[in-house]
Structures are given as structure tokens and as C-alpha cells.
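Fold and contact review
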Amino acid sequence: MSAREEILSRVRGATADVTTEAGSVPRDRLTGSGAVDADGLTQFVEMVRDYRAEVVRVPADGLTEAIATALRGNGCRSVVVPEGLDPAWVESVAGVAEVRRESRTSTHAELDATDAVVTAAALGIAVTGTIVLDHREDQGRRALTLVPDTHVCVVRADQVVQDVPDAVARLRPDAADARPLTWISGPSATSDIELQRVEGVHGPRTLVVLLVDA
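Just so it is clear, the structure is predicted and the values come from calculations on it, not from any experiment.

**Details of the overall build of the protein chain**
Scanning the protein chain from N- to C-terminus turns up 6 helices and 12 strands. Taken over 214 residues, the protein chain has a buried fraction of 38%. Considering only intrachain contacts with a sequence separation of at least 6, the fraction spanning at least 24 residues in the protein chain is 70%. Carbon together with sulfur atoms contributes 50% to the accessible area of the protein chain, which is approximately 12100 Å² in total.

So, in C-alpha cells, the structure goes:
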């Protein structure tokens, strides 16, 4: 008997009296009811802040001013914007910084020379403080949110779900509608073996989340 056969024989002997019953997992326990309530929004804010990101809750009619304030507060003088970004948001950016269109900022070197990016989001997850981008027209290609040093991301309150299964269900209601996804939990950060934290290595050093109340 080989060593492998001996080990497997011992495992079979040790588990001979163990019985298991296979059962189906109820699907309704994996997902919630969609968008969260006020407590869920509070949890989302707390979790995002726990990652050392800045969160600002703003009314819908104060969003454009909040975008300008976020850029001004972080000293951003040039901002790349996705092609499908809301024109009113682009106008607010133009009031405080040079606007660089996604189609005209094609190389990583050009993005690296740009201070910030402003995007929308696909959704937010309350329990993890995660923001998910599916890179539709108002979010742009992935490089836009990885190279500039500051990311100002707009998340609507009705886009915040409770947990990851809720997010997956909303992101991909149809398997044929598969899209690339970027999951963001705070600004970019890493640490070495001595736990020295370094920010901005593989993504934005500064993340500002503007949570737009209904």
C-alpha cells in the first residue's frame, strides 16, 4: 500500500460513521429587498469612512456645488470626465478646473498628468462600504478611475443595496449582459510586512463619495 492509499484508508475509517444530508439552499435568504432604508444608508456612510474615504451627503439640488467643492478642496486643477457624464456635472467641473474629455485622454501618461476624475457609479454596498462601477458611459473605462490621484464618485441613495448578493443580483439580472466590474472599497492602500501603510500605489490616493439623497 502506498502512502497515499494509507492516508485515504485512514480518512475513510475515521469518517465511516459520519453521515451528511444534502439539502438545497433557500435562494430567498441570499438577497434582500433591494435599496436600503435610512439605517442602511447610515451604515454605508460609516463603512466607507472606515476605509479613510470622504463621504458627503448632499441633496439632489446641491450635487453640482458639492462636486465643485470636492475638487476645489483637494486642489484639483485638471479633471478627466467620461463621455456620458451628466452635462450639469461637467459644467460644475469646468467652473473650478480644466476639463479633459475621456476620448482625448487616451494614454496612461495623459491620465497620470490629470489630477482627478469624476464619475457616476453602478451601486454601493452598505455592509462592506463598497462602490461598484460597471463602466457604462457615465463611468468611463477602467483606467480613468485607477490612474488620477483623486476620484470623486457620485452614488445615488437608491443605488445602495444591503449586501454583496443584492449587488450581484442587481448588476447582472441577465447573464448575457456581462460587463467588466470594478469594486472599490476606499482609496488605494497597501502595507508591507512591517504594516507601513502606503496609499495611491495601485489606484487613487483620495476617494470622495457624494451620496445623493432622494
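**Overview of unusual backbone geometry**
The phi dihedral of Arg-52 falls on the positive side, at around 70°, and the residue is not glycine. Topologically, Arg-52 is positioned in the loop between α2 (38-50) and β1 (54-58). The class of Arg-52 is exposed, set by a relative accessible area of 56%. Positive phi outside glycine occurs at His-135, with the angle close to 60°.

**Quick word on the pairing of strand β7 (residues 150-156)**
Counting buried positions over the 7 residues of β7 gives 6, a clear majority of the element. The sheet contact formed by strand β4 (residues 116-119) and β7 spans 4 bridges and is parallel. Bridged to Ala-116 within β7 is Thr-150. Bridging between β7 and strand β12 (residues 206-212) involves 7 bridges; their strand directions are parallel.

Calculation rules
Residues numbered from 1 in each chain as written. Predicted model: local features only at pLDDT ≥ 70, side-chain atom pairs only at ≥ 80, totals over all residues. Heavy atoms only, no water. Helix = DSSP H or I, 4+ residues; strand = E, 2+ residues; numbered from the N terminus. Buried < 20%, exposed > 50% of the residue type's maximum accessible area, 1.4 Å probe, protein only. Contact = heavy atoms within 4.5 Å. Areas by Shrake-Rupley, 256 points an atom, 1.4 Å probe, with all protein chains shown as cover. Pairing = 2+ DSSP bridges.

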